[in-house]
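Single-letter residue listing:
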Amino acid sequence: MTIIQDGLPGSPALIGFGVSGQGPSPLSSTINVENIAEYVRNCYFTVPFDIEINGLMAFFYTFPLSFITIPTVTISAQLYEDKEMSNIFTAIDETLITLSPSITDTTPSGTMLSGEVRTNRRVEKNTRLMLLFYARSSGPDPIQAILGYMNASLAYT
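No experiment lies behind these values; they were computed from the predicted model shown. (Residues numbered from 1 in each chain as written. Predicted model: local features only at pLDDT ≥ 70, side-chain atom pairs only at ≥ 80, totals over all residues. Heavy atoms only, no water.)

Undergrad: Even after reading the chapter, I still don't get the nonpolar core, so can you show me in this structure?
TA: Counting 18 residues, the largest nonpolar core has Ile 75 and Leu 99 as the members making the most contacts within it. Residue contributions to this core peak at five residues, all from strand β3 (residues 51–62). Aside from chain neighbours lying at most four places away, what touches Ile 75 is Phe 60, Ile 97, Thr 98, Leu 99, Ile 103, Leu 113, Phe 133, Tyr 134, Ala 135 and Ile 146. Core analysis: the next-biggest nonpolar cluster, separate from the first, contains eight residues, Ile 31, Phe 89, Met 130 and Leu 132 among them. (Core = buried A, V, L, I, M, F, W, Y, C linked by side-chain atoms within 4.5 Å. Buried < 20%, exposed > 50% of the residue type's maximum accessible area, 1.4 Å probe, protein only. Helix = DSSP H or I, 4+ residues; strand = E, 2+ residues; numbered from the N terminus. Contact = heavy atoms within 4.5 Å.)

Undergrad: Sorry if this is basic, but what is going on with the pairing of strand β5 (residues 88–91) here?
TA: One face of the sheet, then the other: side chains in a regular strand alternate in exactly this way. Judged by which residues are buried, β5 turns out to be one-sided: Phe 89 and Ala 91 face inward and are buried, whereas Ile 88 and Thr 90, on the alternate face, are not. Linking two consecutive strands that pair antiparallel, namely strand β4 (residues 73–82) and β5, is a turn of five residues; a positive phi of about 55° is found at Met 85 within it. (Pairing = 2+ DSSP bridges.)

Undergrad: So what exactly am I meant to see when it comes to the pattern of salt bridges here?
TA: Pairing of side chains with opposite charge becomes possible as their charged atoms draw close. Tallying each qualifying case throughout the model produces four salt bridges. In this structure, the salt-bridge partner of Arg 121 is Glu 81, at a minimum N-O distance of 2.7 Å. Within this pair, whereas Arg 121 is found in strand β7 (residues 112–123), its partner Glu 81 is found in strand β4, the two being separated by 40 residues in sequence. With a closest N to O distance of 2.4 Å, Arg 128 and Asp 82 form a salt bridge. Remark: Asp 82 occurs in strand β4 and Arg 128 occurs in strand β8 (residues 128–137); sequence separation between them is 46 residues. In terms of burial, Arg 128 and Asp 82 fall into one category: buried. Where salt bridges share partners, they join Glu 81, Glu 94 and Arg 121 into one cluster. (Salt bridge = Lys/Arg side-chain N within 4 Å of Asp/Glu carboxyl O.)

Undergrad: It is not clear to me how the packing of aromatic side chains should be interpreted in this structure. Could you clarify?
TA: The description of an aromatic ring pair rests on the distance of the ring centres and on the angle between the ring planes. If you walk through the whole model with that rule in mind, you get three aromatic pairs. Taking 6.5 Å as the distance between ring centres and 55° as the angle between the ring planes, the aromatic pair formed by Phe 49 and Tyr 156 counts as tilted. Here the residue Phe 49 occupies a position in the loop between β2 (45–46) and β3, and Tyr 156 occupies one in strand β9 (residues 148–156), the gap between them amounting to 107 residues. Residue classification places Phe 49 among the partly exposed positions, given a relative accessible area of 42%. Measuring from ring centre to ring centre gives 5.1 Å for Phe 63 and Tyr 149, while their planes differ by 80°; the resulting arrangement is edge-to-face. With Phe 63 in the loop between β3 and β4 and Tyr 149 in strand β9, the pair connects residues that are 86 residues apart, well separated along the chain. With a relative accessible area of 29%, Phe 63 lands in the partly exposed category. Classification of Tyr 149 by relative accessible area gives exposed; the value is 58%. (Phe/Tyr/Trp six-rings, centres within 6.5 Å; stacked < 30°, edge-to-face > 60°.)

Spelled out as structure tokens, the structure:
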């Protein structure tokens, strides 16, 4: 952040309820964030009051692919929750989203993948929510990295 002449606000800092980072591997329906890097461990936000999740939209914008040919890659997004503040987050099944289109070797950089889900999932006050994005491929070989920008919108009452 900066302050300009006469003590007025200059450049603000932008925050998205945490930072992005790589989680543990392999992905499972529960994630213990206790033993992963501290900046990733805090990629959640705390629900300030009881809510009902009505919908979730997720977006992924592709970076240039670093492969000559790749299998078809499907990106998904899902909310995880920690009700006990135990650092063990559990997948919320009702929030699983498969984004489309899938990524192939002909997908141009900057392509937007998107998806949404509607639900009526109750979440209690002080529950911590973490949004994860993950990829699956149609090929047997590992892919070291799928890079891009991601964001999401959460609708709740």
